[in-house]
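Survey of secondary and tertiary structure
What follows is each chain in one-letter form.
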Amino acid sequence: MPGLTVTHIDHVSVIITDVARSRQFYNGVLGLKEIPKPKTFDFVALWYDLGAGHTLHLLLKNEPDTRSPRHFCLRVTDAQAARRHFAEHGIPIHETTLIHGADRFFVSDPDGNRIEVLQWLVPYDPATAGAAALD
């Protein structure tokens, strides 16, 4: 489409209800690097640098989002080690539908935001692993 060239996802935002609890999860359990939010923000938000120009934004609200299939995905180098890491932190792991060439599962943050954890064992090839028709 002329005039619109999407290059990548810049950031993902999720709702949190407790800053200290969320910092413990995102800083402590996930080991993400918190960075300062923009000075112009007059509301509570935590920003995390995910590398390669990607960020995660946590927005403080009174109530969490409703449960849904919405999620963001963190790519890891070793899904089995990630499973052990979450188990050591008492975080339940939810296995999910297989994707050829991938090892993946879901966890949830303290507010119920779903996080997919994914290791590509081989690059995704839509020619061999994709559905026959786009739905």
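Heads up: the structure comes first, above all this text.
Right, let's walk through the structure included here.

Thresholds applied
Residues numbered from 1 in each chain as written. Predicted model: local features only at pLDDT ≥ 70, side-chain atom pairs only at ≥ 80, totals over all residues. Heavy atoms only, no water. 1 Å grid on protein atoms, 1.4 Å probe; cavity = no way out; pocket = protein on both sides within 12 Å on 5 of 7 lines; lining within 4 Å. Points joined across faces, edges and corners; volume = space filled by probe spheres on them. Helix = DSSP H or I, 4+ residues; strand = E, 2+ residues; numbered from the N terminus. Nonpolar A, V, L, I, M, F, W, Y, C, P; charged D, E, K, R; others polar. Core = buried A, V, L, I, M, F, W, Y, C linked by side-chain atoms within 4.5 Å. Buried < 20%, exposed > 50% of the residue type's maximum accessible area, 1.4 Å probe, protein only. Contact = heavy atoms within 4.5 Å. Salt bridge = Lys/Arg side-chain N within 4 Å of Asp/Glu carboxyl O. Arc of directions from axis to C-beta. Polar contact = N/O pair within 3.5 Å; in protein donor to acceptor, adjacent residues only side chain to side chain. Pairing = 2+ DSSP bridges. Axes fitted to C-alpha atoms, helices over the stretch in contact; angles between N-to-C directions.

**Focus on the layout of surface pockets**
Quantified by volume, the largest pocket comes out at close to 320 Å³. Together, 15 residues line the largest pocket, and Val12, Leu50, His54, Cys73 and Leu74 are the ones closest to its centre. Of all the secondary structure elements, the ones that give two or more residues to the lining of the largest pocket are β1 (11-16), β4 (54-60), β5 (71-75) and β8 (114-120). Of the residues forming the lining of the largest pocket, the biggest block, five residues, is contributed by β5. Within the lining of the largest pocket, the residues separate by chemical class into nine nonpolar, four polar and two charged. Each pocket or cavity is described by its volume, and for the second largest pocket that value is around 200 Å³. Looking at the second largest pocket, it is lined by 15 residues, and the ones nearest its centre are Val14, Asp65, Arg70, His71 and Asn113. For the lining of the second largest pocket, the element with the most residues is β1, which contributes four residues. Residue classes in the lining of the second largest pocket are distributed as four nonpolar, six polar and five charged.

**A few points about the nonpolar core**
Membership of the largest hydrophobic core comes to 21 residues, with the highest contact counts inside it found for Tyr26, Leu30, Leu58, Phe86 and Ile115. Mapped by element, the contributors of at least two residues to this core are β1, α1 (19-29), β3 (45-51), β4, β5, α2 (79-88), β7 (102-108) and β8. Excluding its chain neighbours within four sequence positions, the residues that come into contact with Leu58 are Val14, Ile16, Ser22, Tyr26, Val44, Ala45, Leu46 and Tyr48.

**Comments concerning the pattern of salt bridges**
Evaluated as defined, the whole model comprises six salt bridges. For Arg83, the salt bridge goes to Glu95, with nearest N and O atoms at 2.9 Å. You can see Arg83 sitting in helix α2 and its partner Glu95 sitting in strand β6 (residues 94-95), a full 12 residues away along the chain. Residue Arg83 is classed as buried on the basis of its relative accessible area, which comes to 12%.

**Digging into α2**
Buried within α2 we find Ala79, Ala82, Arg83 and Phe86. With its buried residues spanning 105 degrees around the axis, α2 presents them on a single face. Of the residues in α2, the exposed ones pointing more than 90 degrees away from the buried face are Ala87 and Glu88. Close packing links the buried residues of α2 with α1, β6, β7 and β8. A distance of 3.1 Å separates the backbone nitrogen of Gln80 from a side-chain oxygen at the start of α2, and that oxygen is part of Asp78. Following α2 by one or two positions, Gly90 has its phi on the positive side, about 70 degrees.

**A closer look at the sheet that holds β3**
Spatially, the four strands line up as an open sheet ordered β1-β4-β3-β2, and their pairing is mixed. Of all strands in the sheet, those bounded by a partner on one side alone are β1 and β2 (33-35). Along the sheet, successive strands turn relative to each other by an average axial angle of 30 degrees, direction set aside. Packing against the sheet, α1 makes contact with β1, β2, β3 and β4, and its axis sits at approximately 5 degrees to β3.

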